[in-house]
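# Coordinate inspection notes
Now for the letters of each chain:
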Amino acid sequence: MRLFVTGGAGFIGSNFIRHMLAVYPGYEIVNFDKLTYAGNLDNLRDVERLAGYSFVRGDICDRRALDDALAGADAVINFAAESHVDRSIERASDFIETNVAGTQTLLDAARAAGVSRFVQISTDEVMGSCCDGEYFTEASPMRPNSPYAASKAAAEHLVRAAHITFGLDVVTTRASNNYGPYQFPEKLIPLMITNALEDKELPVYGDGLNVRDWLHVKDCCRAIDAVLHRGRSGEVYNIGSRAEKTNLEIVNTLLDLLGKPRSLIKFVTDRLGHDRRYATNPSRIENELDWRPEETFESGIEQTVRWYTGNSEWVARTRSGEYLQYYERMYGGR
Ligand code: NAD
Ligand code: DAU
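Below, the structure is looked at part by part. (Residues numbered from 1 in each chain as written. Chains lettered and ligands numbered in written order. Predicted model: local features only at pLDDT ≥ 70, side-chain atom pairs only at ≥ 80, totals over all residues. Heavy atoms only, no water.)

## Here we look at the environment of Glu125
In this fold, Glu125 is placed in the loop between β5 (117–123) and α5 (147–166). Once residues lying within four places of it in the same chain are set aside, the contact partners of Glu125 are Val85, Pro144, Ser146, Tyr148, Ala149, Asp275 and Tyr278. There is a polar contact of 3.0 Å between the side chain of Glu125 and the side chain of Tyr278. (Helix = DSSP H or I, 4+ residues; strand = E, 2+ residues; numbered from the N terminus. Contact = heavy atoms within 4.5 Å. Polar contact = N/O pair within 3.5 Å; in protein donor to acceptor, adjacent residues only side chain to side chain.)

Written out as structure tokens, the structure reads:
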């Protein structure tokens, strides 16, 4: 099987490629990635020489590059996206370009290339904020609240339209918040770990009581693997681990694991339009595809802290250049 993975140099994409190469040594994997600020080939150093793996630098908005690279692909797994909510609030245009226009260009190219399956990596954020005691199913209405979430919702509609209009075999995943190795330190968990390691302030938005359902990236990759091979055509699958935590619980856990004082926490101005709670019901993937998370939050977060502590070179390289300017823009004087 030849898989065409877009955005494979990012956090989840690189973990997915590593997972697939380990589980299916006979598969060929083409990693097609633009290498934006979030794409990092260091994330794949340990697998880049494996026979089944190849890398093509390219943009999913570039139809000609896609036509060349897609030849012979059996399935497309579309991770490529602008993925950070705060950046979408600052400047939405890149999100519309890649997440919306890029997804349509990729759908067109995949159809022309005759791929057998298109997996769209979407997010639980398309359904917006969830009230206490409520759990979104795949049938819940889309109510995206950030430009990022709106762009991912638009992409989902385009994927569905390609299925209904042209009969393209598509499946969509909506995962909750992932954590684990190789996550760019703009996101909550790696940002807080790497700041704490430098004894820098930990900027908690608002009252710190927003809730997310934390899923280890290895479990997310196992779920995408199951959806790719066994998901029903045209369906959407929530991927969640029923591990809801407030941001403050996360930050306190990280400080305790690192042996750092809680006085490092600084409450800062809230994110605009900040979703209070994400919570999905993952029964469909559990029942239909027999998927369950294997990692508990307690052991997963401990391993994750150890990974960032033990990979100081990776951390130093990602927290340099553009990242420092971004950090100053986002947090300076906040
Ligand atoms: P990431 O930001 O770490 O990686 C995104 C990757 O896409 C990068 O390698 C980047 O270079 C590449 N990319 C960006 N624009 C591109 C373009 N135009 N053409 C080709 N490549 C391009 O993101 P992530 O956290 O790994 O998320 C991957 C996917 O999963 C995204 O679609 C995101 O919406 C979705 N998702 C993420 C989470 C999460 O918690 N991180 C949860 C649910 C869904
Ligand atoms: O739910 C899935 C989504 O999870 C994915 O689709 C997105 O790509 C991914 O970025 C993530 O979105 P969030 O906005 O939930 O993740 P983030 O890590 O940015 O923030 C998690 C929570 O932590 C959120 O409530 C905001 C808060 N936060 C975040 C940062 C970066 C802080 O309090 N301080 C911070 O500095």
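## Observations concerning the sheet that holds strand β4 (residues 75–78)
Spatially, the seven strands line up as an open sheet ordered β3-β2-β1-β4-β5-β6-β11, and their pairing is parallel. Two strands bound the open sheet, and with one partner strand each, they are β3 (53–57) and β11 (236–239). Looking at each pair of strands side by side, their axes are set apart by 20° on average, direction ignored. Direction of pairing for strand β6 (residues 170–175) relative to β11: parallel, over a ladder of four bridges. Across the sheet, Thr173 pairs through a bridge with Tyr237, a residue of β11. Taken strand by strand, α5 contacts β5, β6 and β11, and its axis lies near 155° from that of β5. (Pairing = 2+ DSSP bridges. Axes fitted to C-alpha atoms, helices over the stretch in contact; angles between N-to-C directions.)

## Considering the pattern of salt bridges
For the structure shown, the criterion picks out 32 salt bridges. Put simply, Arg63 and Asp67 hold a salt bridge, and the shortest N to O gap is 2.9 Å. Residue Arg63 and its partner Asp67 are located together in helix α2 (residues 63–70), separated by four residues, close to a single helical turn. On the basis of relative accessible area, Asp67 is assigned to the partly exposed category, the value being 36%. Notably, a salt bridge pairs Asp86 with Arg271, separated by 2.7 Å at the nearest N-O pair. Linking Asp86 in helix α3 (residues 85–90) with Arg271 in the loop between β13 (265–268) and α9 (283–289), this pair joins segments that are 185 residues apart in sequence. (Salt bridge = Lys/Arg side-chain N within 4 Å of Asp/Glu carboxyl O. Buried < 20%, exposed > 50% of the residue type's maximum accessible area, 1.4 Å probe, protein only.)

Any link to function would need more than the numbers given here.
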